[in-house]
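# Summary of structural features
This is what each chain is made of:
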Amino acid sequence: MTNDNSNAMWGGRFAAGPDAIMEAINASIGFDKRLAAQDIAGSRAHAAMLASVDILSDTDAQAIREGLLTVLSEIEGGSFTFSTALEDIHMNVEARLKELIGEPAGRLHTARSRNDQVATDFKLWVRDQIDAAIQGIEALIRALLTQAEAGADWVMPGFTHLQTAQPVTWGHHMMAYVEMLGRDLSRFADARARMNECPLGAAALAGTSFPIDRQMTATALGFDRPAANSLDAVSDRDFALEFLGAASICALHLSRFAEELVIWSSAQFRFVALSDRFSTGSSIMPQKKNPDAAELIRAKIGRIFGANVALMTVMKGLPLAYSKDMQEDKEQVFDAADTLMLALAAMEGMVRDMSANRPALEQAAASGFSTATDLADWLVRALNMPFRQAHHVTGTLVAMAETKGCDLPDLSLADMQSVHDAINADVFDVLGVHNSVASRTSYGGTAPDQVRAQIARWQERLG
Ligand code: ARG
């Protein structure tokens, strides 16, 4: 006999209901209501399967499946009352189903447990987020491709150690992020393929004595196959960890780009102007236009890393199979997914709207002795000088230019010959930044033709 105050789902052996504090620490409905659509899809598939193997009558299965749709529309329409006493989304949905259809609702939980149910729901949710992340990344890649195409031959300084290194093209720099994001796409796709096994039917931990058809529920829910070990199926959260891992690396890429945008939009660089739509003003300094979206992307990424560490920490000490610790998986992943989608959308908007300052890029590209390597390479090619000696001669010329307060192309031929007498006037051809980038035609190099080839490859890939 169930005590009035004990839980209707498992109150049989309980004489009293939970303490209020117990209820507060135990309930997950405050956040796992986000799994409602997945929970109902899982239950509908389960009910159809139970009927197909004659565990449920067709009439009961029909009532359950239709009743669940009513519950879903109540939740989506905002008229559903969630109850903390009913702990989580699974029991909230089932209790409402009981109110709607009566006795058959009690048959739905045959041959399953909340353990395989929550694993299935959460996997379905994470799988949707992977699809959303892939879409968001593709949209950002498209925005980068548009920038890269417009400025395939615009010259800008390339940096190492944030010191001017060699001239590169704007298109090349944009395409570097396309490559990073391309790896993110494939990481999400890999994770999706690996996780796509259905836990439903693993029941509490050991499987079930009912003659269920796990292939049928797996197929109905878009999984490739049922998970092969029931203990693993209910205790596995690798799919969430892989999502967080892929999200963390993608977020890291966004953060690095955000950092560049912060630097580039500063008055000292002026490489890009961010649009009014993606910047803010200052309440006291009228001249300011702040790159807040970039700064917030850079900062919010910390939440994703935090979620990754938090869930690894939750999982690392758990014996098989399910432990209630695992209820703590959801809020972390929800927050990380929300953050990633927002960061991707904000970055896409910023990139789409930003305008590169071509004259500022080219001016910066020509400063800082950026063609010194071209000069050294010319000494090797034209004078057959060993590279180490060419490096030394070039270094002497850079020092000379620095003393004179000019750049390498401003030195006279006589200046050059005072350092090495075989240097001739042809050297000036390689000292210009446009010649410099045009000469870097090696595969993957910064030459505009190479960049255009990479843009074309990506355009074809995205269709
Ligand atoms: N709310 C629970 C969770 O999120 C559902 C599974 C509960 N299972 C149990 N054996 N108490 O993990």
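The coordinates are above.
Residues numbered from 1 in each chain as written. Predicted model: local features only at pLDDT ≥ 70, side-chain atom pairs only at ≥ 80, totals over all residues. Heavy atoms only, no water.

### What about the overall build of the protein chain?
Of regular secondary structure, the protein chain possesses 18 helices and six strands. The globule rule puts the C-alpha radius of gyration for 463 residues at 23 Å, and the 31 Å found for the protein chain is more than 25% above it. Seen through its C-alpha atoms, the protein chain measures out along the principal axes to roughly 105 × 50 × 40 Å. Each of the 463 residues in the protein chain was classed as buried or not, and the buried ones make up 48%. Look at the contacts in the protein chain between residues 6 or more apart in sequence, and 74% of them connect residues 24 or more apart. For the protein chain, the centre of its 40 positive side-chain charges and the centre of its 58 negative side-chain charges are spaced 0 Å apart. (Helix = DSSP H or I, 4+ residues; strand = E, 2+ residues; numbered from the N terminus. Rg over C-alpha atoms; globule rule 2.2 N^0.38 Å. Buried < 20%, exposed > 50% of the residue type's maximum accessible area, 1.4 Å probe, protein only. Contact = heavy atoms within 4.5 Å. Lys, Arg positive; Asp, Glu negative; His and termini not counted. Charge placed at Lys NZ, Arg CZ, Asp CG, Glu CD.)

### Notes on the site of the ligand
Contacts to the ligand come from Ser 28, Asp 32, Asp 88, His 90, Arg 114, Asn 115, Val 118, Tyr 322, Gln 327 and Lys 330. In this structure, Asn 115 approaches the ligand through a side-chain N or O atom, which is 2.9 Å from a nitrogen atom. Burial of the ligand by the protein amounts to 86% of the accessible area it has alone, namely 340 Å². Counting residues per element, the shell around the ligand draws most heavily on helix α6 (residues 114-150), at three residues. Of the residues contributing to the shell around the ligand, the split by class is two nonpolar, four polar and four charged. (Near = heavy atom within 4 Å. Polar contact = N/O pair within 3.5 Å; in protein donor to acceptor, adjacent residues only side chain to side chain. Areas by Shrake-Rupley, 256 points an atom, 1.4 Å probe, with all protein chains shown as cover. Nonpolar A, V, L, I, M, F, W, Y, C, P; charged D, E, K, R; others polar.)

### Overview of the side chain of Ser 370
Looking at the element boundaries, Ser 370 is found in the loop between α13 (358-366) and α14 (372-383). Within the structure, the side chain of Ser 370 is placed 2.4 Å from the backbone oxygen of Ala 365, a separation counted as a polar contact.

### Comments concerning the pairing of strand β2 (residues 163-169)
Remember that side chains alternate between the two faces of the sheet whenever the strand is regular. Summarising the sheet, strand β1 (residues 155-160) and β2 pair through six bridges and their orientation is antiparallel. Bridged to Met 156 within β2 is Val 168. (Pairing = 2+ DSSP bridges.)

### Looking at the environment of Ala 24
Here Ala 24 is to be found in helix α1 (residues 20-26). Residue Ala 24 is classed as exposed on the basis of its relative accessible area of 58%. Sequence spacing of Ala 24 and Glu 149 is 125 residues, and the spatial spacing of their C-alpha atoms is 55 Å.

### Focus on the side chain of Ser 235
Residue position: Ser 235 is located in helix α9 (residues 230-235). In this structure Ser 235 touches Met 315, Leu 320, Ala 321, Tyr 322 and Met 326, once residues within four positions along its chain are discounted.

### Considering the environment of Gln 459
With respect to the secondary-structure elements, Gln 459 resides in helix α18 (residues 448-462). A C-alpha to C-alpha distance of 8.0 Å links Gln 459 and Arg 142, two positions 317 residues apart in sequence. A distance of 3.3 Å separates a polar atom in the side chain of Gln 459 from a polar atom in the side chain of Glu 149.

### Digging into unusual backbone geometry
Here Leu 320 and Ala 321 are connected by a cis peptide whose omega angle stands at 5 degrees. Following the sequence through the fold, Ala 321 ends up in the loop between α11 (292-315) and α12 (329-353). Even without being a glycine, Asp 54 presents a positive backbone phi close to 65 degrees. Relative to the elements of secondary structure, Asp 54 occurs in the loop between α3 (36-52) and α4 (58-77). If you check the backbone angles, Leu 162 has positive phi at about 55 degrees while not being a glycine. Locating Leu 162 in the fold gives a position in the loop between β1 and β2.

### Quick word on α13
Those residues of α13 that fall on the buried side of the exposure criterion are Ala 360, Leu 361, Glu 362, Ala 364 and Ala 365. In this fold, the buried residues of α13 make contact with β1, β2, α7 (170-195), β6 (355-356) and α17 (433-439). Once α13 ends, the next one or two residues include Gly 368, with phi positive near 75 degrees.

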